[in-house]
Amino acid sequence: GLGMGMTAPVSITAFPAEDGSFQQKVKVSLRIPSQFQANPPCPTDESIKIEERQGMTIYSTQFGGYAKEADYVNHAAKLKAALGSEAAYHKDFYLCNGYDPPMKPYGRRNEVWFVKE
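Residues numbered from 1 in each chain as written. Predicted model: local features only at pLDDT ≥ 70, side-chain atom pairs only at ≥ 80, totals over all residues. Heavy atoms only, no water.

An unreviewed UniProt entry lists the protein chain under the name Heme-binding protein 1, from Pardalotus punctatus. In its Sequence similarities (unreviewed entry) section, the UniProt entry covering the protein chain states "Belongs to the HEBP family." Quoted verbatim from the Function (unreviewed entry) field of UniProt, the annotation for the protein chain is "May bind free porphyrinogens that may be present in the cell and thus facilitate removal of these potentially toxic compound. Binds with a high affinity to one molecule of heme or porphyrins. It binds metalloporphyrins, free porphyrins and N-methylprotoporphyrin with similar affinities." (UniProt positions renumbered as here; feature names shortened; annotations may be inferred.)

If you want it as structure tokens, here you go:
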């Protein structure tokens, strides 16, 4: 019954297909604000789960604008190329992060994260 407002980042776990595009399966994660983390509200929708994200080391790239799937796929490909074959990271998924509310027209921040193995 309480409003929590927008949290940042909104994180989408993408599971890339062979051609780099997103598979139908994606996972959207929202950060629970600090004041609710010790005792988060119980979801009333069975498709919503509360998970604790463990600490991680990431390889990241940042870009601006209103990000679409194609933008994340493009920047993931660029990050993959920049890392080359030496970097050890999970290749079966990556995280697409947006930090801004929909109505912010300028100075938008988006990131692609590869999680280090």
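Having seen it, we continue.
Turning to the overall build of the protein chain, a few remarks are in order. Secondary structure assignment for the protein chain yields two helices and five strands. Shown N-terminal to C-terminal, the secondary structure of the protein chain runs as helices and strands in the order β-β-α-β-α-β-β. By its C-alpha atoms, the protein chain is 45 × 35 × 25 Å across when sized along the principal axes. When burial is assessed residue by residue, the protein chain has 26% of its 117 residues classed as buried. For the protein chain, the share of sequence-separated contacts (at least 6 apart) that also reach a separation of at least 24 residues comes to 63%. Put simply, the protein chain shows about 8300 Å² of open surface, and 54% of that area lies on carbon and sulfur atoms. Across the protein chain, the centroid of the 13 positively charged side chains sits 6 Å from that of the 13 negatively charged ones. (Helix = DSSP H or I, 4+ residues; strand = E, 2+ residues; numbered from the N terminus. Buried < 20%, exposed > 50% of the residue type's maximum accessible area, 1.4 Å probe, protein only. Contact = heavy atoms within 4.5 Å. Areas by Shrake-Rupley, 256 points an atom, 1.4 Å probe, with all protein chains shown as cover. Lys, Arg positive; Asp, Glu negative; His and termini not counted. Charge placed at Lys NZ, Arg CZ, Asp CG, Glu CD.)

Before going further, it helps to spend a moment on the side chain of Thr 7. Note on placement: Thr 7 falls in the segment before strand E1 (10–16). The buried category is assigned to Thr 7, whose relative accessible area is 13%. Only 3.1 Å separates the side chain of Thr 7 from the backbone oxygen of Arg 31, close enough to count as a polar contact. Leave out the neighbours within four places in its chain, and Thr 7 touches Leu 30, Arg 31 and Pro 33. (Polar contact = N/O pair within 3.5 Å; in protein donor to acceptor, adjacent residues only side chain to side chain.)

The subject of this paragraph is unusual backbone geometry. For the bond running from Ala 8 to Pro 9, omega is 0°, close enough to zero to count as cis. Position of Pro 9 relative to the elements: it lies in the segment before E1.

End to end, helix H2 (residues 69–83) covers 21 Å across 15 residues, agreeing with the expected 21 Å (1.5 Å per residue, within 8%). Buried residues of H2: Tyr 72, His 75, Ala 76 and Leu 79, and no others. The buried residues of H2 occupy an angular sector of 105° when projected down its axis, which confines them to one face. When the buried face of H2 is taken as reference, the exposed residues oriented beyond 90 degrees from it are Ala 70 and Ala 81. (Expected span 1.5 Å × (residues − 1). Arc of directions from axis to C-beta.)

A few words now on the packing of aromatic side chains. Counted under the stated rule, the structure contains four aromatic pairs. When the centroid spacing of 4.6 Å and the interplanar angle of 15° are considered together, the rings of Tyr 89 and Phe 114 count as stacked. You can see Tyr 89 sitting in the loop between H2 and strand E4 (94–98) and its partner Phe 114 sitting in strand E5 (residues 110–115), a full 25 residues away along the chain. Residue classification places Phe 114 among the buried positions, given a relative accessible area of 4%. Ring pairs connect the aromatic residues Tyr 59, Tyr 89, Tyr 94 and Phe 114, which therefore count as one cluster. The ring of Tyr 89 carries Lys 91 above its face, with NZ or CZ at 4.0 Å from the centroid. (Phe/Tyr/Trp six-rings, centres within 6.5 Å; stacked < 30°, edge-to-face > 60°. Lys NZ or Arg CZ within 6 Å of the ring centre and 35° of its normal.)

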